[in-house]
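The chain contents come next:
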Amino acid sequence: MIHYTDTLRGAAALLQIDQATAGRRLAALETSLDARLFLRTPSGYVPTAAGEQAFAAAERMEQAADQLQRQMQGLDHRLSGVVRVATSETVASYFIMEAVRRLHRQHPDIRIALSPPFPTWSTTPS
């Protein structure tokens, strides 16, 4: 964010953190990369050559993450799994089977398990 705002305060505001935290994060990043990313000048932070490279790499990473998210969203919305339907043979023959065929055409990853209805329990002794 410093690359966009030229100041630590502006970057902190965009990230909704305090300025000291932004400074610590920049220092930690510079330490981990073993490179100075910005020159600190009276008019603001100016990216070094290493800072420009880091910014370009960060932009590519952000674009790749956005692309992955878009790809995963398409997969996550695909319906799949098993749907169990309890029905009689008559209802299944006349109504359910055509609906199952249409559903399978639209959502091939859904499997339908048809089963007979639950038994009726009598409350009278036999």
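So, here's what we can say about the structure. Bear in mind the structure is a predicted one, so any value in this text is a computation, not a measurement.

Calculation criteria
Residues numbered from 1 in each chain as written. Predicted model: local features only at pLDDT ≥ 70, side-chain atom pairs only at ≥ 80, totals over all residues. Heavy atoms only, no water. Pairing = 2+ DSSP bridges. Helix = DSSP H or I, 4+ residues; strand = E, 2+ residues; numbered from the N terminus. Right-handed = clockwise from strand over helix to strand, strands pointing away. Phe/Tyr/Trp six-rings, centres within 6.5 Å; stacked < 30°, edge-to-face > 60°. Buried < 20%, exposed > 50% of the residue type's maximum accessible area, 1.4 Å probe, protein only. Patch = residues over 30% accessible without salt bridge, like charges linked within 9 Å, V, L, I, M, F, W, Y side chains within 5 Å. Areas by Shrake-Rupley, 256 points an atom, 1.4 Å probe, with all protein chains shown as cover. Salt bridge = Lys/Arg side-chain N within 4 Å of Asp/Glu carboxyl O. Expected span 1.5 Å × (residues − 1). Contact = heavy atoms within 4.5 Å. Polar contact = N/O pair within 3.5 Å; in protein donor to acceptor, adjacent residues only side chain to side chain.

1. Let's talk about the pairing of strand β2 (residues 44-47)
Part 1 of the argument: Of the pairings in the sheet, the one linking strand β1 (residues 38-41) to β2 comprises 4 bridges and is antiparallel in character. Bridged to Thr41 within β2 is Gly44.
Part 2 of the argument: Where β1 folds back onto β2 in an antiparallel hairpin, the turn is made up of 2 residues.

2. With respect to the environment of Ala27
Part 1 of the argument: Position of Ala27 relative to the elements: it lies in helix α3 (residues 19-33).
Part 2 of the argument: A sequence separation of 10 residues divides Ala27 from Leu37, and the C-alpha atoms of the two residues are 9.3 Å apart.

3. Topic: the pairing of strand β3 (residues 81-86)
Part 1 of the argument: When β3 meets strand β4 (residues 110-115), the two strands line up parallel, connected through 6 bridges. For Ala86, the partnering residue across the bridge sits in β4 and is Ser115.
Part 2 of the argument: Since β3 and β4 lie parallel, the crossover through helix α5 (residues 89-106) that links them has a hand, and here it is right-handed.

4. Observations concerning the packing of aromatic side chains
Part 1 of the argument: Under the definition given, this model contains 2 aromatic pairs.
Part 2 of the argument: Relative to Tyr45, the ring of Phe38 has its centre 6.1 Å away and its plane inclined at 70°; by these criteria the two rings are edge-to-face.
Part 3 of the argument: When its relative accessible area of 7% is taken as the criterion, Phe38 is described as buried.

5. Topic: a nonpolar patch on the surface
Part 1 of the argument: Taken together, the side chains of Met1, Tyr4, Leu14 and Leu15 make up a nonpolar region of the molecular surface, amounting to roughly 410 Å² of accessible area.
Part 2 of the argument: Using a relative accessible area of 52% as the deciding quantity, one classes Leu14 as exposed.

6. Concerning α3
Part 1 of the argument: End to end, α3 covers 21 Å across 15 residues, agreeing with the expected 21 Å (1.5 Å per residue, within 8%).
Part 2 of the argument: Of the residues making up α3, those classed as buried are Thr21, Ala22, Leu26 and Glu30.
Part 3 of the argument: For α3, the secondary structure elements touched by its buried residues are α1 (2-5), α2 (8-15), β1 and β2.
Part 4 of the argument: One side-chain oxygen at the N-terminal end of α3 lies 3.1 Å from the backbone nitrogen of Ala20; it belongs to Asp18.
Part 5 of the argument: Two residues or fewer after α3 comes Asp34, characterised by a positive phi angle close to 55°.

7. Focus on the environment of Leu8
Part 1 of the argument: Topologically, Leu8 is positioned in helix α2.
Part 2 of the argument: For the pair Leu8 and Tyr45, spaced 37 residues apart in sequence, the C-alpha to C-alpha distance is 7.6 Å.

8. Here we look at the pattern of salt bridges
Part 1 of the argument: Inspection of the entire model under this criterion finds 3 salt bridges.
Part 2 of the argument: Among the salt bridges present, the one from Arg40 reaches Glu30, with a minimum N-O distance of 3.1 Å. Taken together, the residues span a long stretch of sequence, with Arg40 in strand β1 and Glu30 in helix α3 at a distance of 10 residues.
Part 3 of the argument: The partner of Arg105 in a salt bridge is Glu98, and the shortest N-O contact between them spans 4.0 Å.
Part 4 of the argument: Note on Arg105: relative accessible area 57%, which makes it exposed.
Part 5 of the argument: Taken together, the salt bridges that share partners define one network made up of Glu98, Arg101 and Arg105.

Coordinates in, geometry out; function isn't part of it.
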